[in-house]
Amino acid sequence: MSFLMSGVLLYINLGLVDRFLILWVEGWLKAFVVAYPSVIFIMPFATKLTKKICKNE
């Protein structure tokens, strides 16, 4: 999903330019390097917080 969305956003911002595929993959890889570890570390905290909030209702 993130790969597809990054391609759509690149197309919206730049259109079909030369090296579109290379720019798309490079942009997605850079974002993935940040996003994946963030999800790994933040997801357990968010899950605990959600369970705590839902338990009080």
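Structure shown above.
Please read all numbers here as calculations on a predicted model, not as lab measurements.

1. Some remarks on the packing of helix α1 (residues 2-14) against helix α2 (residues 20-55)
Helix-helix packing is characterised by the crossing angle of the two axes and by the distance between the axes. Where α1 contacts α2, the two axes come as close as 9 Å, and the packing angle between them is 125°. On the basis of the axis angle, α1 is oblique to α2. In this structure, the crossing between α1 and α2 has a hand that is right-handed. The residues of α2 that touch α1, namely those facing Ser2, Phe3, Leu4, Ser6, Gly7, Leu10, Tyr11 and Leu14, are Phe20, Leu23, Trp24, Val25 and Trp28. Among the residues making up the contact of α1 with α2, the classes are represented as 10 nonpolar, three polar and no charged.

2. A look at unusual backbone geometry
Its identity as a non-glycine residue notwithstanding, Arg19 has a phi of 65°, on the positive side. Position of Arg19 among the secondary structure elements: in the loop between α1 and α2.

3. Re the packing of aromatic side chains
All told, the structure shown has five aromatic pairs when counted by the stated rule. For the ring pair Phe32 and Tyr36, a centre distance of 5.4 Å and an interplane angle of 20° mean the geometry is stacked. With Phe32 and Tyr36 both in helix α2 and four residues apart, the pair spans about one turn of that helix. Its relative accessible area of 36% is what places Phe32 among the partly exposed residues. Through a chain of ring-to-ring contacts, the aromatic side chains of Phe3, Phe20, Trp24, Trp28, Phe32 and Tyr36 assemble into a single cluster.

Calculation notes
- Residues numbered from 1 in each chain as written.
- Predicted model: local features only at pLDDT ≥ 70, side-chain atom pairs only at ≥ 80, totals over all residues.
- Heavy atoms only, no water.
- Axes fitted to C-alpha atoms, helices over the stretch in contact; angles between N-to-C directions.
- Helix = DSSP H or I, 4+ residues; strand = E, 2+ residues; numbered from the N terminus.
- Parallel < 35°, antiparallel > 145°, perpendicular 65-115°, else oblique.
- Left-handed = near helix turned anticlockwise from the far one by under 90°.
- Contact = heavy atoms within 4.5 Å.
- Nonpolar A, V, L, I, M, F, W, Y, C, P; charged D, E, K, R; others polar.
- Phe/Tyr/Trp six-rings, centres within 6.5 Å; stacked < 30°, edge-to-face > 60°.
- Buried < 20%, exposed > 50% of the residue type's maximum accessible area, 1.4 Å probe, protein only.

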